[in-house]
Amino acid sequence: REVAAPMRTADGAVIDRGRTAFVTVAPVADPSRTEVSFGEARTELQRLWDFEMIDIGPRGFVEAPSELLITLPADADPDAGYVLEVPDDVSGIELWNGTRWEASSSNVEAGVLAVPDEAVLGGRIQLRVGYSDFGRSAVPVLRSAQPGERATEGVG
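Residues numbered from 1 in each chain as written. Predicted model: local features only at pLDDT ≥ 70, side-chain atom pairs only at ≥ 80, totals over all residues. Heavy atoms only, no water.

On to the overall build of the protein chain. Looking only at helices and strands, one finds zero helices and twelve strands in the protein chain. Scanning the protein chain from its N terminus toward the C terminus, one meets helices and strands in the order β-β-β-β-β-β-β-β-β-β-β-β. For the protein chain, long-range pairs separated by at least 24 residues make up 70% of all intrachain contacts whose partners lie at least 6 apart in sequence. Carbon and sulfur atoms make up 50% of the accessible area of the protein chain, which amounts to about 8,900 Å² in all. (Helix = DSSP H or I, 4+ residues; strand = E, 2+ residues; numbered from the N terminus. Contact = heavy atoms within 4.5 Å. Areas by Shrake-Rupley, 256 points an atom, 1.4 Å probe, with all protein chains shown as cover.)

Shown next as structure tokens:
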């Protein structure tokens, strides 16, 4: 929905009109299991619109790009393998490796992106997402990797 401004971009320019994003994650934790299932990781919206994505494919994007921070549950193993379930309307996705943003869209197979080990920093995964459709876009969700889904090398 449209909200009153002003808010500023990273380079100081004023955004006169913006949109409010709501991120909702429903817990589905099972205390007898150690793997992360859909919704167990906490997702927070970090920012909208004030950055340029490097990873926008031929479809481009129409939805304002979003930066998300995903935090693993306290009892999750940060060294285990993780994947992101990526919605169909994602046109670009980047992962932070602690030094720089890495393009990741080309590594999405059948809606799944294997998260490389270097993108899990202190139990957190930071990502940027651009969408090809405007509206109620779903955010990628994190879960434990199944056999054969774990990333063996970096993204990009």
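Now that the structure has been shown, the text picks up again.
Turning our attention to the nonpolar core. One finds Leu 84, Ile 93, Val 115, Ile 125, Leu 127 and Leu 142 to be the most contacted residues of the largest nonpolar core, which totals 21 residues. Contributing elements (two or more residues each) for this core: β6 (63–71), β7 (82–85), β8 (90–96), β10 (112–115) and β11 (124–131). With four residues, the top contributor of residues to this core is β11. (Core = buried A, V, L, I, M, F, W, Y, C linked by side-chain atoms within 4.5 Å. Buried < 20%, exposed > 50% of the residue type's maximum accessible area, 1.4 Å probe, protein only.)

Along the polypeptide, Arg 143 turns up in strand β12 (residues 141–144). A polar contact of 2.8 Å, which involves the side chain of Arg 143, links it to the side chain of Glu 149. (Polar contact = N/O pair within 3.5 Å; in protein donor to acceptor, adjacent residues only side chain to side chain.)

The antiparallel open sheet is built from three strands, whose spatial order is β10-β7-β12. Two strands close off the open sheet at either side, each with one partner strand: β10 and β12. Strand-to-strand twist of the sheet, defined as the mean angle between neighbouring strand axes without regard to direction, takes the value 30°. Both β7 and β10 contribute to a ladder of four bridges, which runs antiparallel. When the sheet's bridge partners are listed, Val 83 is paired in β10 with Ala 114. (Pairing = 2+ DSSP bridges. Axes fitted to C-alpha atoms, helices over the stretch in contact; angles between N-to-C directions.)

A word on unusual backbone geometry. The backbone of Ala 110 shows a phi angle near 55°, a positive value even though the residue is not glycine. Relative to the helices and strands, Ala 110 resides in the loop between β9 (101–103) and β10. Ala 110 gets classed as exposed once you look at its relative accessible area, which sits at 84%.

Before going further, it helps to spend a moment on the environment of Val 112. With respect to the helices, strands and loops of the structure, Val 112 is situated in strand β10. On the basis of relative accessible area, Val 112 is assigned to the buried category, the value being 14%. A sequence separation of 28 residues divides Val 112 from Leu 84, and the C-alpha atoms of the two residues are 5.7 Å apart. Discounting residues that sit within four places of it in the chain, Val 112 has contacts with Val 83, Leu 84, Glu 85, Asn 107, Arg 143 and Glu 149.

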